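Listed here are the chains, written in short residue letters.
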Amino acid sequence: MAFRELNSKIVEASVVPGRRLFSQRGAMLAHRGDVSFTPNVQGGQGGLMSMIGRRVAGEATPLMTVEGDGTVLFGHGGHHVHVIHLTGDTLYVEADRLLAFEGTLRQGTMFMGSQGGIMGMVRGQVTGQGLFTTTLQGQGSVAVMAHGGVFELPITPQRPVHVDPQAYVAHHGEVRNKLSTALGWRDMVGRGSGEAFQLELSGSGTVYVQASEEKL
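Residues numbered from 1 in each chain as written. Predicted model: local features only at pLDDT ≥ 70, side-chain atom pairs only at ≥ 80, totals over all residues. Heavy atoms only, no water.

Asker: When you look at the overall build of the chain in this model, what are you seeing that I'm missing?
Answerer: Summing up its helical and strand segments, the chain has three helices and 13 strands in all. Burial analysis of the chain (216 residues in total) assigns 50% to the buried set. Look at the contacts in the chain between residues 6 or more apart in sequence, and 81% of them connect residues 24 or more apart. Taken as a whole, the chain presents about 10,000 Å² of accessible surface, with 52% of it coming from carbon and sulfur. (Helix = DSSP H or I, 4+ residues; strand = E, 2+ residues; numbered from the N terminus. Buried < 20%, exposed > 50% of the residue type's maximum accessible area, 1.4 Å probe, protein only. Contact = heavy atoms within 4.5 Å. Areas by Shrake-Rupley, 256 points an atom, 1.4 Å probe, with all protein chains shown as cover.)

This is how it looks when you write it as structure tokens:
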């Protein structure tokens, strides 16, 4: 396990020879040992298409490749940090909430419209969140950021979960997403959360929700 939570806002990562980590630029707080940090212009393990997806999504800052032999402390902006362990499945996470992840995970991007149809596109346009969501797949750990901490909600076939889009952090499992609204089209303009929009997640899996609607 590469990441260990030291407190609610800092994780410690073990860096060993031959295995890489990727982190958001500016996330390194301190490090010990012989560790190097290099801007990654290839989009992590996802290659060129991952990089293009992040650029289209408005994520202009490249990831940092972390290599060597030592330990690194990661944190960013005083945000709460939560570690998620993947065992072969795919994690869908908002790019701006991604702090660091192991190089054993393959990174990609998913167009939100591919799961949510036209409503997925509306979600990105009206709520201010990107049309693209980062995907991480394989065996490894991911550290994500959130306001006020993260809590996990199980998603079951009998009980879908409705989440404020701006409180959404990530999800994994066999899950479908759909944006629903209690307001008319004219009333939706300029409203991005709460009663105006609800992100419905159905199927089997887990959704990670932050305790605040504030954007990172």
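Asker: Whenever I open this one, the layout of surface pockets confuses me. Can you help?
Answerer: Left-over empty space is what a probe sized like a water molecule reveals as it rolls over the atoms. Taken as a whole, the second largest pocket encloses approximately 180 Å³ of empty space. Of the residues assigned to the lining of the second largest pocket, the class counts are five nonpolar, three polar and three charged. (1 Å grid on protein atoms, 1.4 Å probe; cavity = no way out; pocket = protein on both sides within 12 Å on 5 of 7 lines; lining within 4 Å. Points joined across faces, edges and corners; volume = space filled by probe spheres on them. Nonpolar A, V, L, I, M, F, W, Y, C, P; charged D, E, K, R; others polar.)

Asker: So what exactly am I meant to see when it comes to the confidence of the model for the chain here?
Answerer: Interpretation of the predicted coordinates at a detailed level should be avoided for regions scoring low in pLDDT. Residues of the chain with pLDDT of at least 70 account for 69%, and the chain-wide mean is 79. Confidence over residues 46–61 falls short of pLDDT 50; this stretch has 28 contacts with residues more than four positions distant or in other chains. Per-residue pLDDT stays below 50 along residues 116–130; that stretch engages in 41 contacts with residues further than four places along the chain or on separate chains. (pLDDT = per-residue confidence, 0-100.)

Asker: Can you help me understand the pattern of salt bridges in this one?
Answerer: Applying the stated rule across the entire model yields three salt bridges. Note that Glu-12 is salt-bridged to Arg-32, the shortest N-O span being 2.9 Å. Note that Glu-12 is positioned in strand S2 (residues 10–15) and Arg-32 in strand S4 (residues 28–40), a separation of 20 residues in sequence. Between Glu-102 and Arg-19 there is a salt bridge; the shortest N-O distance is 3.6 Å. On the criterion of sequence distance, the pair formed by Glu-102 in strand S7 (residues 98–102) and Arg-19 in the loop between S2 and strand S3 (21–23) is long-range, its members being 83 residues apart. Salt bridges here are not isolated pairs; linked through shared partners, they connect Arg-4, Glu-12 and Arg-32. (Salt bridge = Lys/Arg side-chain N within 4 Å of Asp/Glu carboxyl O.)

Asker: Where do I start with the pairing of S7 in this structure?
Answerer: Where a strand is regular, its side chains alternate between the two sheet faces. Most of S7 is tucked away, with five of its five residues classed as buried. Sheet analysis places S3 next to S7, joined by three bridges and oriented antiparallel. Residue pairing in the sheet places Phe-22 in a bridge with Phe-101 of S7. (Pairing = 2+ DSSP bridges.)

Asker: For this particular structure, what's the right way to read the environment of Thr-90?
Answerer: Structurally, the position occupied by Thr-90 is in strand S6 (residues 80–93). Along the chain, Thr-90 and Arg-106 lie 16 residues apart, while their C-alpha atoms are 9.2 Å from each other. Sequence-distant contacts of Thr-90, defined by excluding residues within four places in its chain, comprise Thr-135, Leu-136, Gln-137, His-171, His-172 and Gly-173.

Asker: Explain the side chain of Thr-135 here, please?
Answerer: Relative to the elements of secondary structure, Thr-135 occurs in strand S9 (residues 132–146). For Thr-135, a relative accessible area of 13% gives the class buried. The residues touching Thr-135, leaving out its near neighbours within four places in the chain, are Thr-90, Leu-91, Tyr-92, Arg-106, Gln-107, Gly-108, Thr-109 and Met-110.

Asker: In this structure, what is going on with the environment of Gly-77? I would like to understand it.
Answerer: Mapping Gly-77 onto the fold places it in the loop between strand S5 (63–74) and S6. Assessed through its relative accessible area of 67%, Gly-77 is described here as exposed. Residues Gly-77 and Ala-27, 50 residues apart in the sequence, show an inter-C-alpha distance of 8.5 Å.

Asker: Quick question: what am I supposed to make of the pairing of S2 here?
Answerer: Here four bridges tie strand S1 (residues 3–7) to S2, and the two strands are oriented antiparallel to one another. From the neighbouring strand, Asn-7 faces S2, where its bridge partner is Ile-10. Linkage of S1 to S2, two consecutive antiparallel strands, is achieved through a turn of two residues. Across five bridges, S2 lies against S5 in antiparallel orientation. Residue pairing in the sheet places Ser-14 in a bridge with Thr-71 of S5.

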